[in-house]
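Now for the letters of each chain:
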Amino acid sequence: MAEIMKVFKEEVPAMRFIGKKYHDYSGWGEWFANGWFETIENSMGGTDRILEIWENGGAYVGLECRKNGDLQEYWIGMFAPENTAVPEGFEHIDIPKSSLGTCWVYGKEEEVHGAVGNCWESIRNAGMEIASDDNGVEMSFENCLCPRFTTPDEKGNVILDYCYFVK
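Read on for an overview of the structure. Computed from a prediction, not measured in an experiment: that's the story for all the values here. (Residues numbered from 1 in each chain as written. Predicted model: local features only at pLDDT ≥ 70, side-chain atom pairs only at ≥ 80, totals over all residues. Heavy atoms only, no water.)

1. Comments concerning the overall build of the protein chain
Here is step 1: Summing up its helical and strand segments, the protein chain has five helices and eight strands in all.
Here is step 2: In sequence order, the protein chain lays out its α and β elements as β-β-α-α-α-β-β-β-β-α-α-β-β.
Here is step 3: The buried share of the protein chain, taken over its 167 residues, is 48%.
Here is step 4: Restricting the contact set of the protein chain to residue pairs at least 6 apart, pairs at least 24 apart contribute 75%.
Here is step 5: Taken as a whole, the protein chain presents about 8500 Å² of accessible surface, with 46% of it coming from carbon and sulfur.
Here is step 6: Side-chain charges of the protein chain comprise 14 positive and 29 negative groups, with the mean position of each set lying 5 Å from the other. (Helix = DSSP H or I, 4+ residues; strand = E, 2+ residues; numbered from the N terminus. Buried < 20%, exposed > 50% of the residue type's maximum accessible area, 1.4 Å probe, protein only. Contact = heavy atoms within 4.5 Å. Areas by Shrake-Rupley, 256 points an atom, 1.4 Å probe, with all protein chains shown as cover. Lys, Arg positive; Asp, Glu negative; His and termini not counted. Charge placed at Lys NZ, Arg CZ, Asp CG, Glu CD.)

In structure tokens:
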């Protein structure tokens, strides 16, 4: 059973999210098959460029845009430094300097994604307020970091960073 092992607030600089927009959670297979993460990494000059400005950057990201709890858009992509050139065939969202409420979800890879629903309450219980835009849309994302998410520990567990933009 996956569990939330840590909740914290972190500050991020202005960044650009580069990816492709979906209306559901499909699409991950084509990203790996087509090498699209590598395309974004090359566009930003390597993942070291994002790691220079955000220590938890460089991950493959599933970004959710929700209104009243309903999924409006789902994006797959990566965060890059602001003003990074957007490769042909991709879209972007410019993110201003922001605060994130982050949960570390610990467990088997097949379990951690299902446990992110508990992060909303954990963020609020930690005294953070979820931010929304002028249209009432909240943004959150799975930040699949290497090696926390990609290399299981001795128990076969990983840590998934699940983040909400907070006030």
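Now that the structure has been shown, the text picks up again.
2. Description of the sheet that holds strand 8 (residues 158-166)
Here is step 1: Pairing in this open sheet of eight strands is antiparallel, and the strands run 1-6-8-7-3-4-2-5 from one edge to the other. Strand pairing shows two members of the sheet lacking a second neighbour, strand 1 (3-12) and strand 5 (91-95), which therefore form its edges. Ignoring strand direction, the axes of neighbouring strands in this sheet form an average angle of 30°.
Here is step 2: Judged from the seven bridges that link them, strand 3 (residues 60-67) and strand 4 (residues 70-81) form a sheet pairing that is antiparallel. Bridging from a neighbouring strand, Glu64 pairs with Tyr74 of strand 4. (Pairing = 2+ DSSP bridges. Axes fitted to C-alpha atoms, helices over the stretch in contact; angles between N-to-C directions.)

3. What about the packing of aromatic side chains?
Here is step 1: The final tally for this structure, using the stated rule, is 18 aromatic pairs.
Here is step 2: Centroid distance Phe8 to Trp104: 5.9 Å. Interplanar angle 90°. Geometry classified as edge-to-face. Pair noted here: Phe8 is in strand 1 and Trp104 is in strand 6 (residues 98-107), with a separation of 96 residues, a long-range link.
Here is step 3: Centre to centre, the rings of Trp54 and Phe141 are 6.5 Å apart; their planes meet at 85°, and the pair counts as edge-to-face. Linking Trp54 in the loop between helix 3 (48-51) and strand 3 with Phe141 in strand 7 (residues 137-144), this pair joins segments that are 87 residues apart in sequence.
Here is step 4: You can call Trp54 buried: its relative accessible area is 3%.
Here is step 5: Cluster of aromatic residues (ring-pair linked, three or more members): Trp28, Trp31, Phe32, Trp36, Phe37, Tyr60 and Phe90.
Here is step 6: The side chain of Lys20 reaches across the aromatic face of Trp36, ending 4.3 Å from its centre.
Here is step 7: The residue whose ring lies beneath Lys20 is Phe90, and the NZ or CZ to ring-centre distance is 4.6 Å. (Phe/Tyr/Trp six-rings, centres within 6.5 Å; stacked < 30°, edge-to-face > 60°. Lys NZ or Arg CZ within 6 Å of the ring centre and 35° of its normal.)

Nothing here speaks to function; it is all geometry.
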